[in-house]
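If you want the building blocks of each chain, they are given just below.
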Amino acid sequence: MRVYMAVLVAVMLGLGGAAGWAYPTLGGATGLVTLPTAEVVPAGAVDLAVDYQEVDIGAKALGGSLGMYGEAEMLPIRAVAGVGENAEVWAAYNKVKVDPGGEDLKMWNVGGKYMIAHEEKDSASAAIGLSYGKIDNGDDARVTTIFVVVSKSLGFGGGAGVASAKAHLGAIWMNFDSPISEELSRPFVGLEFTGENGSILAVEYRKRASGIDVDTPFAAVLRYPVGGTKPLWLEVGTTNAALGGIGLDEDDVFFGLCYRFGGAAGAAAGRAPTQPWDY
């Protein structure tokens, strides 16, 4: 599956540049697939997103602390609101239905992101974020996350036949309270390619944390605007990190949609809308 997404990168390089979209990750904050970028939802706008994924939860997930394994269905639901010109807040909920005979797992978190630099005025965009949540599979495990990320447009794009692109570099710290009692602090990177029709291809990679990740967390997604003058997007992708950002041993396909209520759409707060899907 990772090879197929690499091929899609090459395809996207043949498309013209256009505006992007600050899309909610599977965990809540706007960004790539599970990892954030420096963009935020525009002021006055609310993004509502839902996805579906079937995953294989191995017994080694989170160092075996979950005490569960088997096939699972996940339905992450997220709401993200723009606050002022530089910030967003979100709430996310995911009920993981485990089969056969496993105990369902519930995850939720709330958080916020604040932009401390804008590429329109500075050399790059930068943001910091914080979230708090719980993983509940009979015993509540609190999860605290802090991240910092820098996003930068690459030095090409805007011409016919050339895609626009943006790179993201950050670091994330996660603390899993008892009974999981694990902690990670790792760097991550990501790339976004945007076509003239507004479609976006994004890929992300985080360094593996032994004792927490079964395999290196990786994700790729293709997003496409389908609403015409309405801000509706569809996405399809693959990741092994949809379970709270933890790298499992298999990549699985996910798909979903996002709708924006109010405000002007766009990749970052403060940019005037220029395309039909920007409203």
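Data block above holds the structure.
Residues numbered from 1 in each chain as written. Predicted model: local features only at pLDDT ≥ 70, side-chain atom pairs only at ≥ 80, totals over all residues. Heavy atoms only, no water.

Q: Please give an account of the side chain of Glu235 that cites residues and values.
A: Looking at where Glu235 falls in the secondary structure, it is placed in strand E12 (residues 232-239). In this structure the side chain of Glu235 is engaged in a polar contact, spanning 2.7 Å, whose partner is the side chain of Arg223. Glu235 has contacts with Tyr23, Leu26, Asp51, Arg78, Val221, Leu222, Arg223, Phe254, Phe255 and Gly256, leaving out every residue within four places of it along the chain. (Helix = DSSP H or I, 4+ residues; strand = E, 2+ residues; numbered from the N terminus. Polar contact = N/O pair within 3.5 Å; in protein donor to acceptor, adjacent residues only side chain to side chain. Contact = heavy atoms within 4.5 Å.)

Q: How would you explain the pattern of salt bridges if you had to name every residue and give the values?
A: A complete count under the given rule lists 7 salt bridges for this structure. In this structure, the salt-bridge partner of Asp51 is Arg78, at a minimum N-O distance of 2.8 Å. Linking Asp51 in strand E1 (residues 46-57) with Arg78 in strand E3 (residues 77-83), this pair joins segments that are 27 residues apart in sequence. Assigned by exposure class, Asp51 and Arg78 land together as buried. (Salt bridge = Lys/Arg side-chain N within 4 Å of Asp/Glu carboxyl O. Buried < 20%, exposed > 50% of the residue type's maximum accessible area, 1.4 Å probe, protein only.)

Q: So, the environment of Ala92: which residues are in play, and what are the values?
A: Within the fold, Ala92 resides in strand E4 (residues 87-99). For Ala92 and Met107, which are 15 residues apart along the polypeptide, the C-alpha to C-alpha distance reads 8.2 Å. Setting aside residues up to four positions removed in sequence, Ala92 forms contacts with Gly27, Gly28, Ile77, Arg78, Met107, Trp108 and Asn109.

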